Amino acid sequence: DTGVSQNPRHKITKRGQNVTFRCDPISEHNRLYWYRQTLGQGPEFLTYFQNEAQLEKSRLLSDRFSAERPKGSFSTLEIQRTEQGDSAMYLCASSLNGQANYGYTFGSGTRLTVV
Amino acid sequence: AQTVTQSQPEMSVQEAETVTLSCTYDTSESDYYLFWYKQPPSRQMILVIRQEAYKQQNATENRFSVNFQKAAKSFSLKISDSQLGDAAMYFCAYWPFGNEKLTFGTGTRLTIIP
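Residues numbered from 1 in each chain as written. Chains lettered and ligands numbered in written order. Predicted model: local features only at pLDDT ≥ 70, side-chain atom pairs only at ≥ 80, totals over all residues. Heavy atoms only, no water.

Caption draft 1: Looking closely at the overall build of chain B. Helix and strand counts for chain B come out as zero helices and 12 strands. Its helices and strands in sequence order give chain B the pattern β-β-β-β-β-β-β-β-β-β-β-β, from N to C terminus. Radius of gyration (C-alpha) of chain B: 14 Å, near the 13 Å computed for a compact globule of 114 residues. Its C-alpha atoms put chain B at 40 × 30 × 20 Å along the principal axes. Taken across its 114 residues, chain B has 48% of its residues classed as buried. Of all intrachain contacts in chain B linking residues separated by at least 6 positions in sequence, the fraction that spans at least 24 positions is 54%. A total of about 5,600 Å² of accessible surface is found on chain B, and carbon and sulfur atoms cover 44% of it. Charged side chains of chain B number 10 positive and 11 negative; the gap between the two group centres comes to 2 Å. (Helix = DSSP H or I, 4+ residues; strand = E, 2+ residues; numbered from the N terminus. Rg over C-alpha atoms; globule rule 2.2 N^0.38 Å. Buried < 20%, exposed > 50% of the residue type's maximum accessible area, 1.4 Å probe, protein only. Contact = heavy atoms within 4.5 Å. Areas by Shrake-Rupley, 256 points an atom, 1.4 Å probe, with all protein chains shown as cover. Lys, Arg positive; Asp, Glu negative; His and termini not counted. Charge placed at Lys NZ, Arg CZ, Asp CG, Glu CD.)

Caption draft 2: Geometry of the sheet that holds strand S3 (residues 19–24) of chain A. Residue and element names in this part refer to chain A. Pairing within the open sheet is antiparallel, and its four strands lie in the order S1-S3-S8-S7. Of all the strands in the sheet, just strand S1 (5–7) and strand S7 (65–68) have a single pairing partner and so form its edges. Taken over all neighbouring pairs, the strand axes of this sheet differ in orientation by 15° on average, direction set aside. Sheet analysis places S1 next to S3, joined by three bridges and oriented antiparallel. For Ser5, the partnering residue across the bridge sits in S3 and is Asp24. (Pairing = 2+ DSSP bridges. Axes fitted to C-alpha atoms, helices over the stretch in contact; angles between N-to-C directions.)

Caption draft 3: Broad picture of the environment of Leu61 of chain A. Residue and element names in this part refer to chain A. By the secondary structure assignment, Leu61 is in the loop between strand S6 (53–57) and S7. C-alpha separation for the pair Leu61 and Ile79, spaced 18 residues apart in sequence, amounts to 9.6 Å. Excluding residues within four positions of it along the chain, Leu61 makes contact with Leu46, Thr47 and Gln54.

Caption draft 4: Molecular detail of the side chain of Arg64 of chain A. Residues and elements named next belong to chain A. In this fold, Arg64 is placed in the loop between S6 and S7. Taking the relative accessible area as the measure of exposure, Arg64 reaches 9% and is therefore buried. Polar contacts involving the side chain of Arg64 include one to the main-chain carbonyl oxygen of Arg81, which spans 3.2 Å. For Arg64, the side chain forms a polar contact with the side chain of Asp86, separated by 2.8 Å. Those residues in contact with Arg64 that lie beyond four places of it in its chain are Glu78, Ile79, Gln80, Arg81, Thr82, Glu83 and Asp86. (Polar contact = N/O pair within 3.5 Å; in protein donor to acceptor, adjacent residues only side chain to side chain.)

Caption draft 5: View of the interface of chain B and chain A. Contacts between the two partners involve 17 residues from chain B and, on the opposite side, 21 residues from chain A. With both chains or domains summed, chain B and chain A bury close to 1,700 Å², and 52% of this area falls on carbon and sulfur atoms. It is Gln44, Glu100 and Lys101 of chain B that lose the most area in chain B upon contact with chain A, and together they represent 34% of the buried surface on that side. Where chain B meets chain A, there are one salt bridge. (Buried area = accessible area lost by both parts, 1.4 Å probe. Salt bridge = Lys/Arg side-chain N within 4 Å of Asp/Glu carboxyl O.)

Caption draft 6: Up close: the layout of surface pockets. The calculated volume of the largest pocket comes to roughly 600 Å³. Lining the largest pocket we find 22 residues, and of these Glu44, Phe45 and Arg59 of chain A together with Gln2 and Thr103 of chain B sit closest to its centre. Where the lining of the largest pocket is concerned, the elements lending two or more residues are strand S5 (44–50) and S6 of chain A together with strand S1 (3–5) and strand S11 (103–104) of chain B. Roughly 520 Å³ of internal volume is contained in the second largest pocket. Taken together, 24 residues line the second largest pocket, and the ones lying closest to its centre are Gln37, Leu39, Met89 and Arg111 of chain A together with Gln39 of chain B. For the lining of the second largest pocket, the elements supplying multiple residues, two or more each, are strand S9 (88–95) and strand S11 (110–114) of chain A together with strand S10 (88–96) of chain B. No other element matches the three residues that S10 of chain B contributes to the lining of the second largest pocket. Taken together, the residues of the lining of the second largest pocket sort by class into nine nonpolar, 11 polar and four charged. (1 Å grid on protein atoms, 1.4 Å probe; cavity = no way out; pocket = protein on both sides within 12 Å on 5 of 7 lines; lining within 4 Å. Points joined across faces, edges and corners; volume = space filled by probe spheres on them. Nonpolar A, V, L, I, M, F, W, Y, C, P; charged D, E, K, R; others polar.)

All quantities given are derived from atomic positions and should not be read as evidence of function.
Here it is as structure tokens:
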């Protein structure tokens, strides 16, 4: 297992376009998290899944954002009608149920630039 | 709401010397965990050290140790014998037991001077 994998690493898109990011967690981890990190800030929680169920969403996750984890394995984060304010690093992390207190394993992130 | 404050946007230290990064947090919870994460440039965030709030003993991982002051809500990271590979952004994070959200500080950029 090579850890948490995120694709693409970088994405440049024009304002108004839709984008989709993918995260492949560590295979035995049933919890998956999405965070957003803007320049000069720490990561901010967006949403998390336990298996295929999305259990919590931040108010940062506007209706233009949707996340899925259809089979409890990989997850996708889609942003519709992108805005310049969506430019950020999108981080995915995973953990085992009941072991989040040991910390998450993060991916390398997808850096989104909206022009 | 829980908040995590890192008051040092940037720090620098001479190679082989010791540096301390500060972190304070605000919470009304009694059971929680605190973490320090390291984020090297263009690389993934990795866990450096964790502290359980109910343990009075400060956590240590090789050259990394913490000074946890629960009453003061302070959680500083000490890096001894600094190495060039320690250069990174360091984030302090708070995790209340039973919650799934990590709350991060704004980070401290650590530069190692050869």
